[in-house]
Amino acid sequence: MPGIIVGIDGSDHSRRALEWASREAAVRHAPLTVFTVQQAVVGYWGSPVLYPGDADLAEQGRKTAQEETDSALEKIGHESRPSSITVRAATGLPAEALLEAAADADMLVVGSRGAGGFKRLLMGSVSTQVTHHAPCPVVVIPDENI
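All of these numbers come straight from a predicted model, not from anything done at the bench. Residue positions are given per chain, counting from 1 as you read along its sequence in written order. Local features in a predicted model are, by the rule used here, given only for residues with pLDDT of at least 70; side-chain atom pairs are given and counted only at 80 or more, and totals for whole chains, interfaces and linings are based on all residues. Excluding hydrogens and water, the side-chain values take into account all heavy atoms of the structure.

Enquirer: In this structure, what is going on with unusual backbone geometry? I would like to understand it.
Expert: In most cases, non-glycine residues show a negative phi, while peptide bonds are predominantly trans. Of note in this structure, His29 is not a glycine but carries a positive phi near 55 degrees. Each helix is a run of DSSP H or I of at least 4 residues and each strand a run of E of at least 2, with the numbering of both proceeding from the N terminus. For His29, the location among the structural elements is in the loop between helix H1 (12–28) and strand S2 (32–39).

Take a look at the structure:
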């Protein structure tokens, strides 16, 4: 999907990334895709294992991401809104799903850390993986306390 893709997970870091990506998409007149990934169970061989209820969880994640997007857009105002916004959700491994979604993107935006618990790290595992493997430029929005 061309344009700017922003990965969100409900954390403060991803909320800041969403606000930044929204403003950047407006400046560039680029479409914005808000993307959330419901973590799948990792199987024995390291690949995701999908279960029948995962589609329902992904849909709930999409609805939550839509609410978060609407809230962020209210905060930044009408003049800073991109012309086209799509909210998508997937089930899988977050870094892999973001990389797949960014296959033909102009830019991928993520927060420095997500909902994981290792606060001493400057970058989380997902932001580290996408910066190393993305097929497009990646912007990592830092913690505001750094």
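Enquirer: I keep staring at the pattern of salt bridges and nothing clicks. Help me out?
Expert: Oppositely charged side chains can form a pair if their charged atoms are brought close together. In what follows, salt bridge is the name for a side-chain nitrogen of Lys or Arg lying within 4 Å of a carboxyl oxygen of Asp or Glu. Under the definition given, this model contains five salt bridges. One salt bridge connects Glu59 with Arg62, and the closest N-O pair in it is separated by 3.0 Å. In this pair, Glu59 and Arg62 both sit in helix H2 (residues 54–76), three residues apart, roughly one turn of the helix. Through salt bridges with shared partners, a single ionic network connects Asp12, Arg15 and Glu68.

Enquirer: Would you mind showing me how to read the confidence of the model for the protein here?
Expert: Predicted coordinates in areas of low pLDDT are best not read in detail. For the protein, the average pLDDT comes to 87, and 90% of its residues sit at 70 or higher. For every residue, the pLDDT score states the predictor's confidence, bounded by 0 at the bottom and 100 at the top. Confidence scores differ between elements of the protein, with strand S4 (residues 48–49) showing the lowest mean pLDDT of 69 and strand S1 (residues 4–8) the highest of 97.

Enquirer: Please explain the nonpolar core as it appears in this structure.
Expert: Nonpolar cores are built from buried Ala, Val, Leu, Ile, Met, Phe, Trp, Tyr and Cys residues. Side-chain atoms within 4.5 Å join them into one set. Residue burial is assigned from relative accessible area. The probe radius is 1.4 Å, only protein chains are included, and a residue is buried under 20% of its type maximum, exposed over 50%, and partly exposed in between. With 16 residues, the main nonpolar core has Ile4, Val6, Leu32, Val34 and Val109 as its most contacted residues. Looking at this core, the elements that each hand over two or more residues are S1, H1, S2, H2 and strand S6 (107–111). Per-element tally for this core: the top contributor is H1, with four residues. In what follows, residue pairs with any heavy atoms lying within 4.5 Å of each other are defined as contacts. Filtering out sequence-adjacent residues up to four positions away, Val109 remains in contact with Ile4, Ile5, Val6, Gly7, Ala17, Trp20, Ala21, Val139 and Ile141.

Enquirer: Is there a simple way to think about the sheet that holds strand S5 (residues 85–92) in this case?
Expert: Working definition: the strands of a sheet are paired by backbone hydrogen bonds and lie parallel or antiparallel to each other. By the convention used here, strands pair only if DSSP detects at least 2 bridges between them. Strand order in the open sheet formed by five strands is S5-S2-S1-S6-S7, with parallel pairing between adjacent strands. Of all the strands in the sheet, just S5 and strand S7 (138–141) have a single pairing partner and so form its edges. Put simply, the sheet's adjacent strands are angled 25 degrees from each other on average, direction ignored. Alignment of S2 against S5, held across eight bridges, turns out to be parallel. Orientation is described by axes fitted as lines to C-alpha atoms, over the contacting stretch for helices, and by angles from 0 to 180 degrees between their N-to-C directions.

Enquirer: Looking at this model, I keep getting lost on the packing of H1 against H2. Mind explaining?
Expert: Packed helix pairs are specified by the crossing angle of their axes together with the interaxial distance, meaning the distance between the axes. Closest axis-to-axis distance for the H1/H2 pair is 10 Å, and the angle between their directions is 60 degrees. Taken together, the axis directions place H1 and H2 in an arrangement best described as oblique. Viewed along their axes, H1 and H2 form a crossing whose handedness is right-handed. Between H1, through Ser14, Arg15, Leu18, Glu19, Ser22 and Arg23, and H2, the contact on the second element is made entirely by Glu68, Thr69, Ala72, Leu73, Lys75 and Ile76. When its residues are assigned to classes, the contact of H1 with H2 shows four nonpolar, three polar and five charged. Orientation labels follow simple angle bins: below 35 degrees gives roughly parallel, above 145 gives roughly antiparallel, 65 to 115 gives roughly perpendicular, and whatever is left gives oblique. Note on convention: near helix rotated counterclockwise from far helix by under a right angle means a left-handed crossing. Clockwise means right-handed. For this scheme, ten residues count as nonpolar: Ala, Val, Leu, Ile, Met, Phe, Trp, Tyr, Cys and Pro. Four count as charged, namely Asp, Glu, Lys and Arg, and the remainder, Gly too, count as polar.

Enquirer: What exactly am I supposed to notice about the environment of Ser14 here?
Expert: Here Ser14 shows up in helix H1. On the basis of relative accessible area, Ser14 is assigned to the buried category, the value being 4%. Measuring from C-alpha to C-alpha, the distance between Ser14 and Val41 comes to 22 Å, with 27 residues separating the pair along the chain. Ignoring any residue separated from it by four or fewer positions in sequence, one finds Ser14 in contact with Gly7, Ile8, Asp9 and Glu68. In protein, a polar contact means a hydrogen-donor-capable atom and an acceptor-capable atom, both N or O and within 3.5 Å, with residues adjacent in sequence counting only if both atoms are side-chain atoms; elsewhere, any N or O pair within 3.5 Å suffices. A distance of 3.1 Å separates a polar atom in the side chain of Ser14 from a polar atom in the side chain of Asp9. Polar contacts involving the side chain of Ser14 include one to the main-chain carbonyl oxygen of Ser11, which spans 3.0 Å.

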